[in-house]
Amino acid sequence: MILDPKIPSGPLAEKWNKHKFDMKLVNPANKRKYKAIVVGSGLAGGAAAASLAELGYQVSCFCYQDSPRRAHSIAAQGGINASKNYQNDGDSVYRLFYDTIKGGDFRSREANTYRLAEVSANIIDQCVAQGVPFARDYGGLLDNRSFGGAQVSRTFYARGQTGQQLLLGAYSALSRQIGLGNVIMHTRMEMLDLVVVDGRARGIVVRNMVTGEVSSHAADAVILATGGYGNVFYLSTNATGCNVTATYRAHKKGAFFANPCYTQIHPTCIPVAGDYQSKLTLMSESLRNDGRIWVPKKQGDERPADQIPEDERDYYLERKYPSFGNLAPRDISSRSAKEACDDGRGVGETKVGVYLDFKDAIKRLGKDTIAERYGNLFDMYNRITGEDPYTVPMRIYPASHYTMGGLWVDYNLESTVPGLFVLGEANFSDHGANRLGASALMQGLADGYFVIPYTLGNFYARSGVSDVTTEHPEFKKVEADVAERTNKFLSIGGKRTPDSFHKELGKVMWENCGMGRNEAGLKKAIELIPKIREEFWSNLKVLGKGEELNQSLESAGRVADFLEFAEMMCHDALDRDESCGAHFREEHQSDEGEAVRNDKDYLYVAAWEYAGVGKKPNLHKEPLVFENVELATRSYK
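I will try to describe carefully the structure that is included in this document. (Residues numbered from 1 in each chain as written. Predicted model: local features only at pLDDT ≥ 70, side-chain atom pairs only at ≥ 80, totals over all residues. Heavy atoms only, no water.)

1. Re the overall build of the protein
Line of reasoning, step 1. The helix and strand inventory of the protein stands at 17 helices and 19 strands.
Line of reasoning, step 2. Expected size for 637 residues packed as a compact globule is a radius of gyration near 26 Å; at 24 Å, the protein falls within 12% of this value.
Line of reasoning, step 3. Dimensions along the principal axes, computed over C-alpha positions, put the protein at roughly 75 × 60 × 50 Å.
Line of reasoning, step 4. For the protein, the share of sequence-separated contacts (at least 6 apart) that also reach a separation of at least 24 residues comes to 74%.
Line of reasoning, step 5. For the protein, the accessible surface area stands at approximately 24,100 Å², while carbon and sulfur atoms represent 48% of it. (Helix = DSSP H or I, 4+ residues; strand = E, 2+ residues; numbered from the N terminus. Rg over C-alpha atoms; globule rule 2.2 N^0.38 Å. Contact = heavy atoms within 4.5 Å. Areas by Shrake-Rupley, 256 points an atom, 1.4 Å probe, with all protein chains shown as cover.)

This is the structure we're talking about:
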């Protein structure tokens with residue numbers, strides 16, 4: 001298959017407007033004839049469902065939580081980017097576009113990234129109109145702060161709960177449409193497979209997580225907005241329910257998976273405390289505006305932080321990257337923390353941590369100002385660790401966070417399966433090999449509010465109303481496949497829980513496909529993962545029945561998908577024999593430990609086609625063409 005990104009012609013700044021004008025339209029009366037399924041109710045899914053219903057389409061929205069308000073978008077803390085230049089500090093659409101391209105180490109599409117920067121300003125206006133309580137300055141205007149990878153203040157925020165407030169805004173719009181009957185909301189429903197009829201996505205099969213009932217749902221298009229796959233590492237900043245199932249099952253039905261090795265490690269997380277943990281906690285990147293990151297200069301220095309004098313501290317980000325300092329991008333900051341700990345200068349009982357210190361900021365600004373900016377984050381840290389960050393430095397360490405890889409989509413956000421659209425973190429399109437902080441919320445809302453309402457209408461106008469219903473044989477076949485898979489989980493009768501396999505897989509992935517990768521480690525992982533998978537299918541223990549609330553059964557399905565997906569992820573990391581952004585191949589680094597790209601051989605999107613369990617997937621390449629930015633060695637010094 002030739003991958004056609006369907007990028008419009010013309011100057012970069014005019015592509016989106018030109019494309020919108022060239023699209024075919026569906027008149028208001030005809031919109032009522034079309035049905036759309038939206039899987040996921042976070043910022044991307046909730047915004048899409050609300051916007052499409054407002055236009056007049058029939059929308060069914062599915063989420064596995066008990067309410068759309070529980071989507072993992074709620075966990076985002078620090079802010080959302082937009083190029084409004086309120087600070088008059090030199091920001092612009094083009095600068096946001098360039099910072100995003102550069103932050104992704106020149107591994108994303110120009111056209112998609114520019115569109116994201118272009119619509120970002122509209123997002124803020126939309127959310128303010130919904131009542132999102134963004135922080136404001138002394139004059140009552142919207143305030144901004146800085147995030148990593150930028151030298152301007154473009155991040156809008158609501159203390160440390162920006163994701164929650166934005167999600168409540170989207171939820172209010174969604175609730176209005178639910179109340180009007182334009183959206184049918186299905187909660188506690190998990191998508192277990194995609195239904196493809198005559199090469200086109202026609203619906204999904206879901207399981208009611210309370211009763212165990214399996215049912216089919218048909219539509220004229222399916223939209224996946226199901227987040228990322230960071231939990232492939234077991235320990236991550238994601239909620240424990242976050243998974244790869246929806247996108248991976250779609251992948252097995254023909255949707256190519258792009259750049260799965262591009263996984264972001266967030267530098268500012270509470271370190272692992274013990275083997276009992278099932279997840280890690282994020283401390284917002286916004287803290288790096290005022291907190292200073294350091295470790296002792298001497299190896300093995302176990303003195304309390306307040307007993308280590310200034311001249312014996314290494315503020316390593318300020319030393320290594322003076323232009324950006326503590327706001328260096330996430331991939332660079334994460335690797336620098338790892339290097340310091342590997343050098344024997346880590347802090348805390350485990351020695352796997354660095355300090356994030358607010359002493360100077362409190363002295364400069366006062367405790368009340370710091371509490372106003374970050375109070376809920378400080379409280380959260382105190383509750384988890386028992387330490388008061390107002391008086392002692394926070395201890396942080398990198399952890400799995402966001403995933404830049406996802407299902408391949410074209411400029412219209414349509415996958416390689418016609419009629420299957422993918423939004424937000426579930427697609428690959430905008431961030432390249434490393435996402436800049438505060439850009440996840442921006443992409444989710446851009447896709448849901450300002451892109452899919454146009455591109456889905458164009459698809460409907462060109463393809464027409466579907467006459468396929470859930471009575472079609474393909475729906476019955478997929479339902480039978482789902483039932484067979486469920487019965488298989490329940491009938492194995494082994495001795496190990498799904499979580500034990502997940503934990504074992506996560507350790508293999510973190511050690512061999514985490515912050516640093518090398519050929520030997522990746523080949524080792526590719527050898528180990530099938531062995532774990534083989535034991536999973538022979539020694540899995542799932543108690544209970546399928547026709548009831550059964551969280552062990554839910555977990556088994558998700559872990560089974562991770563055990564297949566992880567192998568593809570390692571193949572991608574092994575095949576990409578270069579360092580770029582968060583994909584750091586240890587064989588390709590400069591004398592200073594910086595990533596070394598290979599633009600000659602790897603200037604492409606790697607889109608993988610499913611070839612069967614245990615078989616290396618087929619690689620397809622979408623060349624990346626840079627007409628508006630010059631390829632350069634990324635530097636934040």
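Back to the text.
2. Considerations on the nonpolar core
Line of reasoning, step 1. Among the nonpolar cores identified, the biggest contains 135 residues, and Ile-80 and Met-509 are the most heavily contacted of them.
Line of reasoning, step 2. Here the element with the most residues in this core is helix H16 (residues 551-575); it accounts for twelve residues.
Line of reasoning, step 3. Both domains that meet at this core, namely domain 1 (12-25 + 32-262 + 404-463) and domain 3 (473-607), each give it at least three residues.
Line of reasoning, step 4. Every residue in contact with Ile-80, bar those within four places of it in the chain, is listed here: Ile-123, Ile-124, Phe-134, Arg-154, Thr-155, Phe-156, Thr-162, Leu-166, Ala-438, Leu-441, Met-442 and Leu-445.
Line of reasoning, step 5. The next biggest cluster of nonpolar side chains, apart from the first, holds 31 residues, and it includes Ala-337, Ala-361, Leu-377 and Met-394. (Core = buried A, V, L, I, M, F, W, Y, C linked by side-chain atoms within 4.5 Å. Buried < 20%, exposed > 50% of the residue type's maximum accessible area, 1.4 Å probe, protein only. Domains from an automatic or database assignment.)

3. Thoughts on the pairing of strand E2 (residues 58-62)
Line of reasoning, step 1. Extensive coverage of E2 is indicated by the burial of four of its five residues.
Line of reasoning, step 2. As paired strands, strand E1 (residues 35-39) and E2 are joined by five bridges and run parallel to one another. Residue pairing across strands places Ala-36 opposite Val-59, the latter belonging to E2.
Line of reasoning, step 3. Note on the crossover from E1 through helix H3 (residues 43-55) to E2: the handedness is right-handed.
Line of reasoning, step 4. As paired strands, E2 and strand E5 (residues 183-186) are joined by four bridges and run parallel to one another. (Pairing = 2+ DSSP bridges. Right-handed = clockwise from strand over helix to strand, strands pointing away.)

4. Quick notes on the pattern of salt bridges
Close approach of charged atoms allows side chains of opposite charge to pair.
Line of reasoning, step 1. Scanning the model with the defined rule gives 49 salt bridges in all.
Line of reasoning, step 2. One salt bridge connects Asp-290 with Arg-373, and the closest N-O pair in it is separated by 2.8 Å. Taken together, the residues Asp-290 in the loop between strand E11 (263-269) and strand E12 (292-296) and Arg-373 in helix H11 (residues 367-385) connect sequence positions 83 residues apart.
Line of reasoning, step 3. Overall, Arg-373 belongs to the partly exposed group, its relative accessible area being 30%.
Line of reasoning, step 4. Between Arg-585 and Asp-577 there is a salt bridge, and its shortest N-O distance comes to 3.1 Å.
Line of reasoning, step 5. Judged by its relative accessible area of 2%, Arg-585 is buried.
Line of reasoning, step 6. Assessed through its relative accessible area of 31%, Asp-577 is described here as partly exposed. (Salt bridge = Lys/Arg side-chain N within 4 Å of Asp/Glu carboxyl O.)

5. Quick notes on the packing of helix H15 (residues 519-539) against H16
Line of reasoning, step 1. Their axes nearest at 9 Å, the elements H15 and H16 cross at an angle of 160°. The orientation of H15 with respect to H16, classified from their angle, is roughly antiparallel. The two elements H15 and H16 cross, and the hand of that crossing is left-handed. Across the interface between the two elements, Glu-519, Leu-522, Lys-523, Ala-525, Ile-526, Ile-529, Pro-530, Ile-532, Arg-533, Phe-536 and Trp-537 of H15 pack against Ala-556, Val-559, Ala-560, Leu-563, Glu-564, Ala-566, Glu-567, Cys-570, His-571, Ala-573 and Leu-574 of H16.
Line of reasoning, step 2. In terms of residue class, the contact of H15 with H16 is made up of 16 nonpolar, one polar and five charged. (Axes fitted to C-alpha atoms, helices over the stretch in contact; angles between N-to-C directions. Parallel < 35°, antiparallel > 145°, perpendicular 65-115°, else oblique. Left-handed = near helix turned anticlockwise from the far one by under 90°. Nonpolar A, V, L, I, M, F, W, Y, C, P; charged D, E, K, R; others polar.)

6. Let's talk about the sheet that holds E12
Line of reasoning, step 1. The strand order E11-E15-E14-E12-E13 describes an open sheet built from five strands, whose pairing is antiparallel. At either margin of the open sheet sits one strand with a lone partner, and together these are E11 and strand E13 (313-314).
Line of reasoning, step 2. Here E11 runs beside strand E15 (residues 394-403); their pairing, made up of four bridges, is antiparallel. Note that in E15 the partner of Thr-263 across the bridge is Thr-403.
Line of reasoning, step 3. Of the strands in this sheet, E11, E12, strand E14 (354-357) and E15 are in contact with helix H9 (residues 330-342), which crosses E11 at around 65°.

7. Looking at the packing of aromatic side chains
Line of reasoning, step 1. By the definition in use, this model includes 29 aromatic pairs.
Line of reasoning, step 2. Centroid distance Phe-134 to Phe-156: 6.1 Å. Interplanar angle 65°. Geometry classified as edge-to-face. Of this pair, Phe-134 sits in the loop between helix H5 (110-129) and strand E4 (155-156) while Phe-156 sits in strand E4; the two residues are 22 residues apart in sequence, bridging distant segments of the chain. Just as Phe-134 is buried, Phe-156 falls in that class too.
Line of reasoning, step 3. When the centroid spacing of 5.5 Å and the interplanar angle of 75° are considered together, the rings of Phe-421 and Phe-459 count as edge-to-face. On the criterion of sequence distance, the pair formed by Phe-421 in strand E17 (residues 420-422) and Phe-459 in helix H12 (residues 440-463) is long-range, its members being 38 residues apart. When sorted by exposure, Phe-421 lands in the same class as Phe-459, which is buried.
Line of reasoning, step 4. Each residue in the set Tyr-34, Tyr-57, Phe-421, Phe-459 and Tyr-460 is aromatic and connected to the rest through ring pairs, giving one cluster.
Line of reasoning, step 5. Of note, Arg-115 hangs over the ring of Trp-16, and the distance from its end group to the ring centre comes to 4.7 Å.
Line of reasoning, step 6. Stacked on the ring of Tyr-315, the Lys or Arg Arg-292 has its end atom at 3.8 Å from the ring centre. (Phe/Tyr/Trp six-rings, centres within 6.5 Å; stacked < 30°, edge-to-face > 60°. Lys NZ or Arg CZ within 6 Å of the ring centre and 35° of its normal.)

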